[in-house]
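Commentary on secondary and tertiary structure
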Amino acid sequence: MGFGALFLRDLRLVWRRPGDVAVVLAFFVVATVLFPLGIGPESNLLARIAAGVLWAAALFASMLSLDRLFAADYEDGALDLLLLAPWPLELAALAKCAAHWVVTGLPLAVLAPLIGGAFGLDDRSLLVLVLTLLVGTPALSLIGGLAAALTLGARRSGALLALLALPLCVPTLIFGASAIEATATGEGFWVHLAILGALALMSLATLPWAIAAALRQAGE
Amino acid sequence: MADLHFLANPARFRRFSQRVLPALWLVTALALVIGLYWSLVIAPPDYQQGDTVRIMFLHVPSASLAMAGYLLLAALGASLLVWRHPLAALMARATAPVGATYAAVCLITGSLWGRPMWGTYWVWDARLTSFLLLFFLYLGHIALSRAYDDSERGDRAAAILAVVGAINVPIIKFSVDWWNTLHQPASIMRLDGPSIDPSLLWPLLWMMGALALLFVALVLMRTETEIDRRRLEIAENQD
Amino acid sequence: MVSAVLEVSGLACRRGGRRVFDNLSFALTGGELLALTGRNGSGKTTLLRALALLVPSLAGTIRWKGADVHDDRENWRAKLAWLGHQDGLKGDLTAAENILVAQRLRGQPADVDRVAHALSAFDLTALKDRAARTLSAGQRRRVALARVVAAKAPLWLLDEPLNALDAPAQKALNEGLTRHLAEGGLAIAATHAPLDSARILELGA
């Protein structure tokens, strides 16, 4: 009940300001387009780096949108209402991260094949790209959510958030990108995807507790 | 009115460490002198790597201790979160920069060793890359614990980070190893073989002990400083 | 002698190694209002946050109808209506939406009638469809108070409820409080200005 209310509230808040999401998606597109411009339009090379570039850009795009995840509630006092809600704060953390995923991870997964196609990825690789993003980005939302909760009220919180979250995102990045590369070289991608799924499940099982602990100490 | 009651425990710690530290420093210095002489002069050069192998005597112990240091950080974080032990927070503050330094020593010695062996200062070797990430985890901890005007908030936030980070260290290591075998199938020369000659093993273990003593001594000394610093902060906040 | 509903005994809090208050005890029965007074920094907000278990207390117990509130935190939180230092309103939601969402976040079904009633008590009916960010500070405070009234909670914890309120709004708050107390509710308010029929607890004295 409370979970759904919070999830829908956050989606409604984004709906009222669609520009915030658009900026993140635009960042993703612009950041990836810079690579062909910097490296050159040679299609073999682009197809080889596409997986890494798209995953790294997706990672940066989700970090970029995360610093407001809890900060807005922290600044206007709505965080106190969440802390005082008569249901577990872990669920509230999960609801906020889920809403974040719906407005960033999901659109990124939809947008990525367009750019992947421009990088010269074949159809099968594009399919795997979408799959890895769908499976892997929830972990990014949760890891970033923890970093966002830990940096509430800190000085230089934006840069600090990235410093905290990026090393923890490395496993997700590695398996996300390697699944696509494995497809390109003709190996099966299922092992990579399965490990990616395991990473996401592990984040799902542990991080809501850590985020709740971080929010509680921010409320003290 | 000064109210330093909550530091009663740290005060007891301080009395203890002041008694122990001078002797500890003496033992540490002695152990380091013996260990360095043993590993740099007495130990025979490796038949393949020559004198370069001597870097290992610094590299391997600093790697293990950097890893152990992060586990210590997580244990201190857990005891702060569970029991709200004020000394744990101060000790974590003292430990993080020491652990980061050990990780940095591991990276620097690794790349110095890489120059004659690989012909370049940096290769994306699995071990070096994981320790680079461990170094970043340390940096994040240090930055977070000092990012708040209220130091106790920094302590608690960093404690949560340390616990989550420690759970992730093996996962990061596993994924970096995977990534490394995927991209560099050719086996590269390893710095630590499974079969190591006893003439190299004993000085290595000795150096491990000596550097562990140095780690403990540095942490104790820095914890004293952190206790004093926190006392000053509290004194400043009194009205 | 009516037995106390809320009993606080020996409560102590510290922040940054500094003692905020020590050995604080009081008891409230149904229908009582406690006004926390004292100078800035005397610990009024900390006491409210400690009662809501947002800030851990170092010593002491808080009992509600005889049961320690630490034993069942979620049940305790269901009993509280909170008005913090900040209003806790989302600027992009309308005044009415803010209150409805707050009700659902408390795990209650949205009660449109009750919300309409609370809004009209604070003379907000005309403003109910305006986004909260377009309201003035006093109007936002009134929305936050309407949220408290709509919350159906036996204990109100209010931090400076009179802040930014004009005379009619202060009167509305006093009326709302009176009705809440008459129904057997309790309220604790940190305040500088006097509230009707309040018992006073001075902190930092």
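Residues numbered from 1 in each chain as written. Chains lettered and ligands numbered in written order. Predicted model: local features only at pLDDT ≥ 70, side-chain atom pairs only at ≥ 80, totals over all residues.

1. Topic: the overall build of chain B
- A tally of regular secondary structure across chain B gives six helices and zero strands.
- If you list the helices and strands of chain B from N to C, you get α-α-α-α-α-α.
- Counting over 239 residues, chain B shows a buried share of 42%.
- Partitioning the intrachain contacts of chain B with sequence separation of at least 6 by distance along the chain shows that 81% fall at a separation of at least 24. (Helix = DSSP H or I, 4+ residues; strand = E, 2+ residues; numbered from the N terminus. Buried ≥ 20, exposed ≤ 12 C-beta atoms within 10 Å, placed from the backbone. Contact = placed C-beta atoms within 7 Å.)

2. Let's talk about the nonpolar core
- Formed by 212 residues in total, the largest nonpolar core has its most connected members in Leu146, Ala214 and Leu215 of chain A together with Ala92 of chain B.
- No other element matches helix H8 (residues 157-184) of chain A, which puts 16 residues into this core. (Core = buried A, V, L, I, M, F, W, Y, C linked by C-beta atoms within 7 Å.)

3. Describing the sheet that holds strand E5 (residues 67-68) of chain C
All names here are of chain C.
- Taken together, the four strands give an open sheet; going across it, the order is E2-E1-E4-E5, and neighbouring strands pair in antiparallel fashion. In this open sheet, the two edge strands, each paired with only one partner strand, are strand E2 (18-28) and E5.
- Relative to E2, strand E1 (residues 6-15) runs antiparallel, the two being bridged by seven bridges. Pairing of arginine 14 across the sheet is with arginine 19, part of E2.
- Strands E1, E2 and strand E4 (59-64) of the sheet are contacted by helix H1 (residues 44-51), whose axis makes an angle of about 120° with E1. (Pairing = 2+ DSSP bridges. Axes fitted to C-alpha atoms, helices over the stretch in contact; angles between N-to-C directions.)

4. Quick look at the confidence of the model for chain B
Residue and element names in this part refer to chain B.
- Averaged over all residues, the pLDDT of chain B equals 85, while 90% of them reach at least 70.
- Note on residues 1-5: pLDDT is under 50 here. Beyond four places in sequence and across chains, it has six contacts.
- Taken as a whole, residues 185-189 scores under 50 in pLDDT and shows two contacts with residues more than four places along the chain or in a different chain.
- We note a pTM of 0.91 for the whole complex and an ipTM of 0.91 for its interfaces. (pLDDT = per-residue confidence, 0-100.)

5. Here we look at the interface of chain A and chain C
- Listed per partner, the contact involves 21 residues of chain A and 22 residues of chain C.
- Put simply, the parts of the chain that give the side of chain A that touches chain C at least two residues each are helix H1 (2-16) and helix H5 (78-83) of chain A.
- Among the residues forming the side of chain A that touches chain C, the class breakdown is 12 nonpolar, three polar and six charged. (Nonpolar A, V, L, I, M, F, W, Y, C, P; charged D, E, K, R; others polar.)

6. Points about helix H3 (residues 95-105) of chain C
- By the criterion of burial, H3 of chain C is predominantly enclosed, with 10 of the 11 residues buried.
- Check the buried side of H3 of chain C and you find it contacts H1 and H5 of chain A together with helix H4 (112-121) and helix H5 (137-150) of chain C.
- Two residues or fewer past H3 of chain C, glycine 107 of chain C is found with a positive phi of approximately 80°.

7. Regarding the packing of helix H2 (residues 18-39) of chain A against helix H6 (residues 89-118) of chain A
All names here are of chain A.
- In contact at an axis separation of 10 Å, H2 and H6 are set at 35° when each is read in the N-to-C sense. In this structure, H2 meets H6 at a crossing whose hand is right-handed. Residues Val21, Val24, Leu25, Phe28, Val29 and Thr32 of H2 pack against Val103, Thr104, Pro107, Leu108, Leu111 and Ile115 of H6.
- For the contact of H2 with H6, the class distribution of residues is 10 nonpolar, two polar and no charged. (Left-handed = near helix turned anticlockwise from the far one by under 90°.)

8. Digging into the pairing of E4 of chain C
Residue and element names in this part refer to chain C.
- Note that E1 and E4 share five bridges and pair antiparallel. Among the inter-strand pairings, serine 9 is bridged to a residue of E4, identified as threonine 61.
- Two strands pair when backbone bridges link them, and E4 and E5 are joined in this way by two bridges, in the antiparallel orientation. From the neighbouring strand, tryptophan 64 faces E5, where its bridge partner is alanine 67.
- Once E4 ends, the chain turns through two residues before running back antiparallel as E5, passing lysine 65 with a positive phi of about 50°.

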